[in-house]
Amino acid sequence: WTIPELCEKAGCKERWVREWVGVLASAGVLKLEEGMILSCDKDVVEALLPTSELLHFFTSLEFIADKENRIGACFKKDGPLGVGYSDYPNFQDWMAEWSHCRNTNQNFPEGYMKMVGGGVHEALEKGIEVLEPGCGRGRHVMAVAQRYPNSKFTSFDIDNEALELNKVDAEKLGVKNVEFVLGDFCNMKPEWTNKFDYVMIFDCMHDLPHPAEAMKGLKGVLKDNGIVTMLDIDTSSDMVSQTKNPISAVLYNISLHHCMSVSLSSGGVGLGACWGVELAQKMLGEAGWKEEEVRVITKDIPNHAVYVMTKGNGLM
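Here's a quick rundown of the structure. (Residues numbered from 1 in each chain as written. Predicted model: local features only at pLDDT ≥ 70, side-chain atom pairs only at ≥ 80, totals over all residues. Heavy atoms only, no water.)

Quick notes on the layout of surface pockets
- The space that makes up the largest pocket amounts to roughly 580 Å³.
- Around the largest pocket, the lining comprises 32 residues; the ones closest to its centre are Tyr 85, Asp 157, Ile 158, Cys 204 and Leu 208.
- In terms of residue count, the dominant contributor to the lining of the largest pocket is helix H7 (residues 91-105) (5 residues).
- Looking at side-chain class alone, the lining of the largest pocket contains 14 nonpolar, 11 polar and 7 charged residues.
- Estimated volume of the second largest pocket: approximately 270 Å³.
- If you trace the second largest pocket, you find 13 residues lining it, with Tyr 88, Pro 89, Gln 92, Asp 159 and Glu 161 closest to the centre.
- Among the elements of the structure, H7 and helix H11 (160-173) are those that each provide at least two residues to the lining of the second largest pocket.
- Among the residues making up the lining of the second largest pocket, the classes are represented as 7 nonpolar, 2 polar and 4 charged. (1 Å grid on protein atoms, 1.4 Å probe; cavity = no way out; pocket = protein on both sides within 12 Å on 5 of 7 lines; lining within 4 Å. Points joined across faces, edges and corners; volume = space filled by probe spheres on them. Helix = DSSP H or I, 4+ residues; strand = E, 2+ residues; numbered from the N terminus. Nonpolar A, V, L, I, M, F, W, Y, C, P; charged D, E, K, R; others polar.)

Some thoughts on unusual backbone geometry
- Cis geometry is adopted by the peptide bond preceding Pro 109, which originates at Phe 108 and carries an omega value of 10 degrees.
- For Pro 109, the location among the structural elements is in the loop between H7 and helix H8 (110-116).

As for the sheet that holds strand S9 (residues 304-311)
- Strand order in this open sheet of 7 strands is S5-S4-S3-S6-S7-S9-S8, and the pairing throughout is mixed. Every other strand in the sheet has two partners, leaving strand S5 (178-182) and strand S8 (294-297) as the edge strands with one partner each. Neighbouring strand axes in the sheet, compared pairwise and without regard to direction, differ in orientation by 15 degrees on average.
- The pairing of strand S3 (residues 129-132) with strand S4 (residues 152-157) spans 4 bridges and is classified as parallel. Counterpart to Leu 131 in the pairing with S4 is Thr 154. (Pairing = 2+ DSSP bridges. Axes fitted to C-alpha atoms, helices over the stretch in contact; angles between N-to-C directions.)

Laid out in structure tokens, this is it:
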């Protein structure tokens, strides 16, 4: 494209586009050649699409930028433990959009359920009891419940406002097989003991104040034969190794300004988004999951790891 051609196609003012091109060409996102000819690589095009997870990562600046001074204060030995979960009112919506980007790219939910294996897809088709901790704005459970109407879902979070919005959304969509309840992942309800066939976890374990307690509670809520899947960020626990990956700058930044902070603010351990596969496996072992009970899938979803924990004979 030439700049005038791009302006004509996009219906934009040339002077504004020229300055925008200056920004992106200087950053190496666009290539600008003699004659003002523009081009960009295929992987750059994919990264700039509306469904790009990488592009969505950078929109996190919208909800973390105003926390800079408060985060800075936490560094001091006599400073606050962290900035609390309730201080991020826009986080749930941001997370919901990130989930939407990933789910669109991964043929969720059916593609995901078939990928994790263990009979999960088939069992959901027949009808089972499912628990989702840390549901946020309910994007995952709503999609799964619509695809698998024979199954029943209990979805919980500590954010009551998000739960009330989820109930409204479910009613609008006509989703009747999901119950949204207030709950604490680190302190499972006694009435959930041995109740569920399948527990599905998305992107929340590393935010918890006491993830070790949450991991210990997972076996307790499963029936004698059941499965847990836990999707989280795919990183290495070795910081030296992980920082060689360019995307780590984004992951560590979000973690510094939110994930680690919300955990520490409530007296937690502050795992952070880059806690890593090695530490996750170690903690699962300490929580009572034997090595042969845990599978880790690391290549099927970009930048994510999926941990599949099987109790008894699973769902086969």
